[in-house]
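Here are the chains, one letter per residue:
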Amino acid sequence: ASIWLQGRIADLRSRSQAAALEAERYRAAHGLTLASGELISDQQLSDLNKQLVLAQADTANALARYNQFKAIVDSGPENAVKNATVPSEKNISNTNNAIINELKARYLDITKREQQVAAQFGEDHPQAVALRGQQEALAKQIYQELQQLTESYRNEYEVAKAREDSLRQGVGRMASRSTEDDQSMVH
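Think of each chain on its own: its residues are numbered from 1, step by step along the sequence as written. Per-residue local features of the predicted model are confined to residues with pLDDT of at least 70, and side-chain atom pairs are confined, for both listing and counting, to 80 or more; whole-chain, interface and lining totals are unaffected and use all residues. Working from all heavy atoms in the structure, the side-chain values ignore hydrogens and water.

## Re the overall build of the protein
For step 1, the next point in the chain: The way it works is that DSSP assigns letters per residue, a run of H or I at least four long becomes a helix, a run of E at least two long becomes a strand, and they are numbered from the N terminus. Along the protein, the regular secondary structure elements total five helices and two strands.
For step 2, the next point in the chain: Partly exposed describes any residue whose relative accessible area lies between the buried limit of under 20% and the exposed limit of over 50%, with all areas from a 1.4 Å probe on protein chains only and scaled to the type maximum. Taking all 187 residues of the protein together, the buried fraction comes to 28%.
For step 3, the next point in the chain: We call two residues contacting when some pair of their heavy atoms lies within 4.5 Å. Looking at the protein alone, contacts between residues at least 24 apart form 72% of all its contacts between residues at least 6 apart.
For step 4, the next point in the chain: Surface exposure here means Shrake-Rupley accessible area, sampled with a 1.4 Å probe, where a residue is shielded only by the protein chains that are shown. In the form shown here, the protein has an accessible surface area of approximately 12,300 Å², with 52% of it arising from carbon and sulfur atoms.

And the structure:
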């Protein structure tokens, strides 16, 4: 019985080694690479899903900013100048931010001076009329800057949306590959 058992153990050992070797050959032939005990395709799918979640947040953020500034611009030049507040964010070009803030400060200064002149000398005083003309010119400049900023936010949204769509397609492809790999692992 002992001799038979030793022969059986040797046979099972060689069969086990042959089966393990065949499993490794199958994995290599079908690209079923394992890393940290997990299929690489599963890890890639997980990474893509994380990137997709972040891209969706970026897209929603970009769309919200675009819609906010589009509403300001759509309200017309006069309301846009009165209602425009430019947040200081890293996404906003510092140049646009500085220009709009400078124009707005000049606009408010001229508005204050116009009100003082009108109160002291009357609405039809030449200096009050000239200051109102300067106000209108500054309002147009501010409005143009807001239009450019809105356009840059539209572009930012479109880029974010394209990235999200691309990641969504990548997740779909990787999910089907992961399913195929799982079926191959079962085999």
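Read on for the rest.
## What about the side chain of E164?
For step 1, the next point in the chain: Position of E164 relative to the elements: it lies in helix α5 (residues 126–186).
For step 2, the next point in the chain: A relative accessible area of 7% means that E164 is categorised as buried.
For step 3, the next point in the chain: Beyond its immediate chain neighbours, meaning those up to four positions away, E164 contacts L52, A55, Q56 and T59.

## Looking at the pattern of salt bridges
For step 1, the next point in the chain: A pairing counts as a salt bridge when a side-chain nitrogen of Lys or Arg comes within 4 Å of a carboxyl oxygen of Asp or Glu. In total, this model carries eleven salt bridges according to the counting rule given.
For step 2, the next point in the chain: In this structure, R154 and E151 form a salt bridge, with 2.2 Å as the shortest nitrogen-oxygen distance. Placement of the pair is R154 and E151 together in helix α5, with a separation of three residues, close to one helical turn.
For step 3, the next point in the chain: Using a relative accessible area of 24% as the deciding quantity, one classes R154 as partly exposed.
For step 4, the next point in the chain: Two residues, K161 and D165, come together in a salt bridge whose shortest N-O distance is 3.5 Å. Linking K161 with D165, this pair stays in helix α5, spanning four residues, or about one helical turn.
For step 5, the next point in the chain: According to the relative accessible area criterion, K161 is partly exposed, its value standing at 31%.
For step 6, the next point in the chain: Taken together, the salt bridges that share partners define one network made up of R8, D11 and R15.

## Overview of the packing of aromatic side chains
For step 1, the next point in the chain: Put simply, two rings from Phe, Tyr or Trp (the six-membered ring, in Trp's case) pair if the centres are within 6.5 Å, and we call them stacked under 30 degrees between planes, edge-to-face over 60, tilted for the rest. Enumeration according to the criterion identifies one aromatic pair in this entry.
For step 2, the next point in the chain: With centroids separated by 5.1 Å and ring planes inclined at 40°, the aromatic side chains of F69 and Y153 adopt a geometry described as tilted. Of this pair, F69 sits in helix α2 (residues 40–74) while Y153 sits in helix α5, placing them 84 residues apart in sequence.
For step 3, the next point in the chain: Taking the relative accessible area as the measure of exposure, Y153 reaches 1% and is therefore buried.

## Some remarks on a nonpolar patch on the surface
For step 1, the next point in the chain: Exposure above 30% relative accessible area and no salt bridge define the residues that can form patches, which grow by joining like charges within 9 Å and nonpolar side chains of Val, Leu, Ile, Met, Phe, Trp and Tyr within 5 Å. Residues W4, L5 and I9 make up a contiguous nonpolar surface patch of about 350 Å² in total accessible area.
For step 2, the next point in the chain: Positionally, L5 belongs in helix α1 (residues 2–29).

## Digging into the nonpolar core
The tendency in soluble globular proteins is for nonpolar side chains to be buried side by side.
For step 1, the next point in the chain: The term nonpolar core refers to a set of buried residues drawn from Ala, Val, Leu, Ile, Met, Phe, Trp, Tyr and Cys, joined through side-chain atoms within 4.5 Å. Grouped together as the largest cluster of nonpolar side chains are 20 residues, with contacts concentrated most on Y107, I142 and L146.
For step 2, the next point in the chain: At nine residues, α5 tops the list of elements feeding residues into this core.

## Digging into the environment of Q43
For step 1, the next point in the chain: Relative to the helices and strands, Q43 resides in helix α2.
For step 2, the next point in the chain: The exposure class of Q43 is partly exposed, given its relative accessible area of 24%.
For step 3, the next point in the chain: Considering only alpha carbons, one finds Q43 and M174, 131 residues apart in sequence, at a separation of 9.9 Å.

## Let's talk about the confidence of the model for the protein
For step 1, the next point in the chain: For every residue, the predictor reports its confidence as pLDDT, a number between 0 and 100. On average, the protein scores 83 in pLDDT, and the residues at 70 or more come to 80%.
For step 2, the next point in the chain: The spread of mean pLDDT over the elements of the protein runs between strand β1 (residues 34–35), the lowest at 58, and α2, the highest at 88.

## Points about the environment of I110
For step 1, the next point in the chain: Topologically, I110 is positioned in helix α4 (residues 94–121).
For step 2, the next point in the chain: Residue class for I110 comes out buried when judged on its relative accessible area of 8%.
For step 3, the next point in the chain: On a C-alpha basis, the gap between I110 and G133 in space is 9.9 Å, while along the polypeptide they are 23 residues apart.
For step 4, the next point in the chain: Among residues more than four places away in sequence, those in contact with I110 are L131, Q134, Q135 and L138.

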